[in-house]
Structure formats: C-alpha cells, structure tokens
Amino acid sequence: MDLGLVGRANAGKTALFCLVTGAEAEIAPYPFTTREPARAMADVPDPRLQAIADAQDIPRRVPAQVQLVDIAGLAAGAGSGEGLGGAALGQLRQMDALIHVVRAFSNAEVPHPEERVDPVADAEAVDLELVVADREQAGRRLERVRKGARVGEAGAGAELAALEMLVAELDAGRPARLVEDEAARALSADMGLLTGKPVLYLANTDEELEPSPELTAYAAAQGAQALALPVGLELELAAMDPDEAAELAEEMELGSVRGADSLMAAAYRLLDLVTFFTGSGPPEARAWPIRRGTTAAVAAGKIHSDLERGFIRAETIPWDALVAAGSWSKAKENASLRMEGRDYVVQEGDVLQVRFNV
Ligand SMILES: Nc1nc2c(ncn2[C@@H]2O[C@H](COP(=O)(O)OP(=O)(O)OP(=O)(O)O)[C@@H](O)[C@H]2O)c(=O)[nH]1
Ligand SMILES: [Mg+2]
C-alpha cells in the first residue's frame, strides 16, 4: 500500500518524507529539487499495540508500516503534461492514497512562485492540475467507450453511463471522489483517477498545530480532512537530543504526541486497511496491515508462508479483551479466546495466534 506526496514545489514534501520515514533525501530552497520518486517505509503508531505489549510485558513492539513515495512538485500546466508534470502524474496514479502538502510556513529564504503564503490558493492550483489530468484521461476513454457502445460491445453501455457521470463531475471542477454513483466511483478507482483517491491535506506550518478554518473548509468541500504539522520544526526536534527536544516541545506547547505520529495514523486510515496483531506473549508484539475481507489463512501467510500452507486454526481474541485478561493463558481460562478456521474473516483489532503444521 503506497501513500504518495503531492503538492507544489517547495511545499515541504521531502521534508515531511524525511521526518516520517527517517530517510535522508535532499531538502532545498529551490523548486523541483525532487525529480525521481523516492520510497521509504513509515511506521504507523498504534496505541493498541502498546497496550497489548504493556499488559503482557512484551519488550519488542513492531508497528505496521506503509510505503511513502516522495514525488516531484506540480506546477501550473502539469495536468496537461507540461514540465515534470507528466511523469509525476503517472507516478501519482499508482498510489493508493495521497497526502497533499500545502505550504503554510513563511520562510523568506524559500521562494514561492507568487511570492505569498496562501494555503488554500496553493491547494486549489494543484487540485486544478489533477482535475485537468483526470479529465483528459477520462475524455480519451470516453471516445473509445462511445465507439464500443455504438457497435454493441459487451459492457460498454454500463461503462458509458458511469464515465459520463465522472466527466460531468470533472467538468464542473469537482473531484471524482465526490461522485455519488457507486459504479462511477468503482470505475474511477479502476482508472486510478487522481481526484478519486482518498486524500489528506497537510498544512506545513511555522508552529501552528491546527490548519486554518479556510483550509479545513476547503478540504471538506473536496471530501477530505485537513491536518497541520510544523514539519521544519519537527525535523529540528527529531535531530536534537531527546531530552532537550522534549523540553523545547513543552516550552512551545507542542503537546506530548509528536505530530508526525498523528499524521501517519490519519494517513493510514485513508488506506482503509484492517489491522490485526500478533503477540500472545514475549518476545514480540506486532501490528499487521491487511485488506478488508482477508481470511485467517491468508492473514497467517503475511506472517510466514508456512503458516498459510500448514494452517490448522487461529486462536483469536479482540485486542481489548486480551488487555483486560492480562495474558493469553488467562484469556484461555476465562473462555474469551475463540478458535477460528481458515475462512474466518479477520476483524479490526483481532489478536491471532496461528496453529499450523508443516
Ligand atoms: N521554515 C520552514 N521551512 C520549511 C518547512 N518545510 C520545508 N521548509 C523548507 O522549504 C524548502 C523546500 O522544502 P522541500 O522539502 O525540499 O520541498 P519539496 O516540496 O520537496 O520541494 P520540491 O522537491 O522542489 O518539489 C527547504 O529549504 C526546506 O528547508 C517548514 O515547515 N518551515
Ligand atoms: Mg522534494
């Protein structure tokens, strides 16, 4: 599952990428620093994992991870393939969800093409390019499908109706994700339409921890949520001695939860994954991301292929029931553990212990 970073040049995409993945990539005050996409894994913090591990004194905790992809900035004209736009749009189409980074910091050393800080205007400029790109893609397909429908090609009629709804939405300047018809939304996902993907707007602020009401309202109108994160400041804190950083964070009233953590938790929700856990005792508790509807045997295969091949059953318990019981053996005693077979659909927050034989 890939999360792509989208935004104007110099918005701080690479700064964010380095902050949440710990990768080292070039962050620089001139536009189009990033040309080739960079990929790295980001941890997704989850308080349930800590609770499972704390309850059973499990020392090692391995969070779920998602891949973050840092992509070149979009400029005016990108939507019709100008500049670096064409390649960047192609890379963005492969993503499962997007984080739209919007500049809300006022650093005079970092040039802005219009020499101003206006998060909503910047977000609109990028979204316009995305709408234009989607409209071109949908337009090409519309021509093909119309021809197909005329000669009575199987399925062309139904697709034509869905496609026309998408085109109408885009022509009105609205993102494909707002189209109400389910078949049209499925087609949008199938085509990888950029404005159909789940998105999160991130205001990259000087210090503020909340996005402006204007950006929040703009995001809502796009069917999305907005968050704020002082990326530059957080990067500085991450480079400091942890005690000093904690002290400074307290002085600046930045709160105890690092903003990068809540951002990743929100971004993870965009992907609409289910999380299950392993951790029936020491040495390790771990969170695993799976697609909704995954069965126990397939989930076991994520842990190790032997577990899927030799799957016998999965001992299963909701994470909070395990925490309440305090240990796997106590959960067994109080009969809150269930035995599930290979076709059991794993539920959000399940803790599994797979019994297998190879
Ligand atoms: N003051 C301040 N400066 C920042 C912040 N985030 C990024 N910058 C600076 O802005 C400049 C651009 O940051 P990058 O992360 O390279 O921006 P980008 O979006 O990856 O830019 P391109 O790769 O060119 O599209 C760098 O000089 C950063 O140091 C921030 O939160 N506050
Ligand atoms: Mg960059």
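Refer to the structure printed above.
Small disclaimer: the values here were computed from a predicted structure and weren't measured.

**Q** When you look at the environment of Thr21 in this model, what are you seeing that I'm missing?
**A** Looking at where Thr21 falls in the secondary structure, it is placed in helix 1 (residues 13-21). In this structure the C-alpha to C-alpha distance between Thr21 and Val101, which are 80 residues apart in sequence, comes to 16 Å. Ignoring sequence-local partners within four residues, the contact set of Thr21 consists of Ala40, Met41, Ala42 and Leu68. A distance of 2.7 Å separates a polar atom in the side chain of Thr21 from the backbone oxygen of Phe17.

**Q** Honestly, the layout of surface pockets in this entry has me stumped. Any pointers?
**A** In this approach the atoms are scanned with a rolling probe the size of a water molecule, which exposes any empty space left behind. Taken as a whole, the largest pocket encloses approximately 610 Å³ of empty space. Around the largest pocket sit 30 residues that line it, and Ala15, Ile27, Phe105, Asn107 and Val110 are the ones nearest its centre. Broken down by class, the residue content of the lining of the largest pocket amounts to 13 nonpolar, eleven polar and six charged. Taken together, 18 residues make up the lining of the second largest pocket; nearest its centre are Met1, Asp96, Pro198, Leu271 and Asp272. The element that contributes the greatest number of residues to the lining of the second largest pocket is helix 6 (residues 182-191), accounting for three residues. Residues of the lining of the second largest pocket, tallied by class, amount to eight nonpolar, three polar and seven charged.

**Q** Can you walk me through the site of ligand 1 in this structure?
**A** Surrounding ligand 1, one finds 24 residues, the nearest of these being Lys13, Thr14, Ala15, Phe32 and Asn204. Between Gly12 and ligand 1, the recorded distance is 2.9 Å, taken from a backbone N or O atom to an oxygen atom. Contact between ligand 1 and Ala28: an oxygen atom at 3.2 Å from a main-chain N or O atom of the residue. In isolation ligand 1 offers 650 Å² of accessible surface; the protein chains occlude 88% of this area. Judged by the fraction of its atoms near the pocket grid, ligand 1 is located in the largest pocket. Listed by contribution, the elements that provide at least two residues to the shell around ligand 1 are helix 1, strand 6 (199-205) and helix 8 (231-239). Per-element accounting of the shell around ligand 1 gives the leading share, three residues, to helix 1. Its residues assigned to classes, the shell around ligand 1 shows twelve nonpolar, ten polar and two charged.

**Q** Help me understand the coordination of the magnesium ion (ligand 2) in this model?
**A** In an ideal tetrahedron of four donors about a metal, each angle is 109.5 degrees. In an ideal octahedron of six donors, the angles are 90 or 180 degrees. Coordination of the magnesium ion (ligand 2) by the protein is provided by Thr14 (OG1) and Thr34 (OG1), with metal-donor distances spanning 2.0 Å. Note that Thr14 is positioned in helix 1 and Thr34 in the loop between helix 1 and strand 2 (38-44), a separation of 20 residues in sequence.

**Q** Could you clarify how one ought to interpret the pattern of salt bridges in this entry?
**A** A side chain with one charge can pair with a side chain of the opposite charge if their charged atoms come near. The tally for this structure, following the rule as stated, stands at 18 salt bridges. For Asp46, the salt bridge identified is with Arg48, shortest N-O distance 2.8 Å. The same class applies to Asp46 as to Arg48, namely buried. Here the salt bridges do not stand alone but share partners, grouping Arg8, Glu114, Arg116 and Asp122 into one network.

**Q** Please explain unusual backbone geometry as it appears in this structure.
**A** Where the residue is not glycine, phi is negative for most of them; where a peptide bond is considered, it is trans in most cases. With an omega of 10°, the peptide bond between Pro282 and Pro283 qualifies as cis. Within the element layout of this structure, Pro283 appears in the loop between strand 8 (273-278) and strand 9 (284-291). The phi dihedral of Asp57 is positive, around 55°, even though this residue is not glycine. Structurally, the position occupied by Asp57 is in the loop between helix 2 (47-55) and strand 3 (60-62). Positioned with a positive phi, Ala335 is a non-glycine residue whose angle comes to about 65°. Mapped onto the elements of the fold, Ala335 is located in the loop between helix 14 (328-333) and strand 11 (338-340). Look at Ala335 and you get exposed, because its relative accessible area is 61%.

**Q** Can you help me understand the environment of Ala51 in this one?
**A** One can find Ala51 in helix 2. Along the chain, Ala51 and Val323 lie 272 residues apart, while their C-alpha atoms are 6.7 Å from each other. When residues no more than four places from it in sequence are discounted, the contact partners of Ala51 are Trp319 and Val323.

**Q** Quick question: what am I supposed to make of the nonpolar core here?
**A** Side chains of a nonpolar character, in soluble globular proteins, are inclined to be buried together. Among the nonpolar cores identified, the biggest contains 44 residues, and Leu3, Leu16, Val20, Leu68 and Ile99 are the most heavily contacted of them. The leading source of residues in this core is helix 10 (residues 259-270), at seven residues. When residues no more than four places from it in sequence are discounted, the contact partners of Leu68 are Leu3, Leu5, Phe17, Val20, Thr21, Ala38, Arg39, Ala40, Ile99 and Met264. Listed in part, the 28 residues of the second largest apolar core include Met95, Val199, Ala203 and Tyr218.

**Q** Whenever I open this one, a negative patch on the surface confuses me. Can you help?
**A** There is a patch of like negative charges on the surface, built from Asp241, Asp243, Glu244, Glu247, Glu250 and Glu251. Positionally, Asp241 belongs in the loop between helix 8 and helix 9 (242-251). Residue Asp241 is classed as partly exposed on the basis of its relative accessible area, which comes to 39%.

Cut-offs applied
Residues numbered from 1 in each chain as written. Chains lettered and ligands numbered in written order. Predicted model: local features only at pLDDT ≥ 70, side-chain atom pairs only at ≥ 80, totals over all residues. Heavy atoms only, no water. Helix = DSSP H or I, 4+ residues; strand = E, 2+ residues; numbered from the N terminus. Contact = heavy atoms within 4.5 Å. Polar contact = N/O pair within 3.5 Å; in protein donor to acceptor, adjacent residues only side chain to side chain. 1 Å grid on protein atoms, 1.4 Å probe; cavity = no way out; pocket = protein on both sides within 12 Å on 5 of 7 lines; lining within 4 Å. Points joined across faces, edges and corners; volume = space filled by probe spheres on them. Nonpolar A, V, L, I, M, F, W, Y, C, P; charged D, E, K, R; others polar. Near = heavy atom within 4 Å. Areas by Shrake-Rupley, 256 points an atom, 1.4 Å probe, with all protein chains shown as cover. Sits in = over half its atoms within 2 Å of the grid points. Donors = N, O, S within 2.8 Å, 3.2 Å for Na, K, Ca; no water. Salt bridge = Lys/Arg side-chain N within 4 Å of Asp/Glu carboxyl O. Buried < 20%, exposed > 50% of the residue type's maximum accessible area, 1.4 Å probe, protein only. Core = buried A, V, L, I, M, F, W, Y, C linked by side-chain atoms within 4.5 Å. Patch = residues over 30% accessible without salt bridge, like charges linked within 9 Å, V, L, I, M, F, W, Y side chains within 5 Å. Lys, Arg positive; Asp, Glu negative; His and termini not counted. Charge placed at Lys NZ, Arg CZ, Asp CG, Glu CD.

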